[in-house]
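The primary structure of each chain is shown beneath.
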Amino acid sequence: MTRAEYDASMQIDPEKERRLHELVTVFLAENAKLNLTAFRTEETCWIGNILDSLSFLDIVSDFPDMKSLLDLGTGGGFPLLPLAIMLPDVICTGLDSMQKKIAAVERIVQQMSLQNVRCLLGRAEELGRSPQHREQYDVVTIRAVAELPILLEYAAAFVKVKGRIVVWKSMTIDKELQESLLARAELSCHLIAKHAYELSEGFGKRQLLIFEKTSPLLPKFPRGVGVPKKQPLK
Ligand code: SAH
């Protein structure tokens, strides 16, 4: 599928599509200074970052009451920024522990006058204990941050009870899913759906995993800074 065909199949509103292309330009200028992504050309950035982020739109009708979204480990702003452009009524918060990345996202947000984006600097293990953020978000998105047992511990701290965690993964994750059984039980996060999608130009097939958190998170989670990674729940 060519890029034009993919765009047509997604039926992106022309004004939003213009904003997405503007994002590529502004983001690549930041990237030249900071090395935020491996996708350095307009074409690869469009497919690998923008269209990959927008796979979320295939499932967005499952979240009719979504008012808030937290993108955990947003890095240079993916999937945060494309989703903020496409979903202007949702307050989209990007969290990252690296100051230079959050500063870059803030500059992009300012340059593009994105009104519905908030930026949050800090570790998930710490911010997930602050009453301002704990169990406050309808949806948590998370792409390329860690393996499931680790990322679920981070994400479960932020998502409301009955909220959803949406995880970007490759198609070869059977072992990782198997190894996340204990984490899913301890964190009350249940896998409710998988959504496979395909990107053009050799990017191939990928999937979104959708988890629902069914009970309040136990007070012992998330564990201290670095512990979820050093001693994953598995
Ligand atoms: N989601 C982006 C970036 C992925 S890189 C994308 O797909 O392009 C992973 C990011 O997660 C890094 O920027 C890193 O700083 C952040 N990160 C990793 N562990 C974290 C933690 N415990 N708390 C906050 N941010 C974390």
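Just so it is clear, the structure is predicted and the values come from calculations on it, not from any experiment. Position labels on residues start from 1 in each chain and follow its written sequence. Totals for whole chains, interfaces and linings use every residue, but because this is a predicted model, local features are given only for residues with pLDDT of at least 70 and side-chain atom pairs only at 80 or more, for both listing and counting. Only hydrogens and water are set aside; all other atoms, that is, all heavy atoms of the structure, feed into the side-chain values.

Asks: Would you mind showing me how to read the pattern of salt bridges here?
Replies: When their charged atoms lie close together, side chains carrying opposite charge are able to pair. Any carboxyl oxygen of Asp or Glu within 4 Å of a side-chain nitrogen of Lys or Arg constitutes a salt bridge here. Applying the stated criterion across every chain yields a total of 17 salt bridges. Across the pair Asp52 and Arg143 runs a salt bridge, and its minimum N-O distance is 2.7 Å. Here Arg143 lies in strand β4 (residues 137-143) and Asp52 lies in helix α3 (residues 42-54), a separation of 91 residues in the sequence. The same class applies to Asp52 as to Arg143, namely buried. Taking the shortest distance from any N to any O, the salt bridge between Lys234 and Glu147 comes out at 3.3 Å. Separated by 87 residues along the polypeptide, Lys234 in the segment after α10 (227-230) and Glu147 in the loop between β4 and α7 (148-156) bring together distant segments of the chain. Each of Glu15, Arg18, Arg19 and Glu22 takes part in one network of salt bridges that share partners. Counting from the N terminus, the helices are the DSSP runs of H or I reaching at least four residues and the strands are the DSSP runs of E reaching at least two. The buried label goes to any residue with under 20% of its type's maximum accessible area, the exposed label to any with over 50%, and the partly exposed label to all in between, with areas taken from a 1.4 Å probe on protein chains only.

Asks: Looking at this model, I keep getting lost on α7. Mind explaining?
Replies: Residue pairs spaced three or four apart in an α-helix point in one direction, given the helix's 3.6 residues per turn. Among the nine residues of α7, nine are classified as buried, and the element is accordingly described as predominantly covered. Along α7, the residues that are buried comprise Leu148, Pro149, Ile150, Leu151, Leu152, Glu153, Tyr154, Ala155 and Ala156.

Asks: In this structure, what is going on with the site of the ligand? I would like to understand it.
Replies: One heavy atom suffices: a residue is near a molecule or strand as soon as one of its heavy atoms comes within 4 Å of it. Taken together, 17 residues form the shell around the ligand, and within it Gly73, Phe78, Asp96, Ala124 and Arg143 come nearest. Taking Phe78, its main chain carries an N or O atom lying 2.8 Å from a nitrogen atom of the ligand. Within the backbone of Ala124, one N or O atom sits 2.9 Å away from a nitrogen atom of the ligand. Only the protein chains shown count as cover for residues, and the accessible areas themselves come from Shrake-Rupley with a 1.4 Å probe. The protein chains hide 83% of the 570 Å² of surface that the ligand would expose on its own. Points on a 1 Å grid, built from protein atoms alone, make a cavity when a 1.4 Å probe fits but cannot get out and make a pocket when they are open with protein on both sides within 12 Å along at least 5 of 7 lines; residues with an atom within 4 Å of a point are the lining residues. Cavities and pockets are treated as containing a molecule whenever more than half of the molecule's atoms lie within 2 Å of their grid points. Comparing atom positions with the cavity grids shows the ligand to sit within the largest pocket. Every element with two or more residues in the shell around the ligand is listed here: β2 (91-96) and α6 (124-127). Split by residue class, the shell around the ligand holds seven nonpolar, five polar and five charged. Polar contact is the term for a pair of N or O atoms within 3.5 Å; when the atoms are in protein, one must be able to donate a hydrogen and the other to accept it, and sequence-neighboring residues count only if both atoms are side-chain atoms. Residues are grouped as follows: nonpolar covers Ala, Val, Leu, Ile, Met, Phe, Trp, Tyr, Cys and Pro; charged covers Asp, Glu, Lys and Arg; every other residue, Gly included, is treated as polar.

Asks: Would you take a moment to explain the environment of Arg223 for this structure?
Replies: Here Arg223 shows up in the loop between β7 (204-213) and α10. Taking the C-alpha atoms as reference points, Arg223 and Gly202, separated by 21 residues in sequence, lie 39 Å from one another. Whether two residues are in contact is decided by their heavy atoms: any pair within 4.5 Å suffices. The contacts of Arg223, once residues within four sequence positions are left out, are Glu125, Glu153, Pro228, Gln231, Pro232 and Leu233. Within polar-contact distance, the side chain of Arg223 engages the side chain of Glu153 at 2.8 Å.

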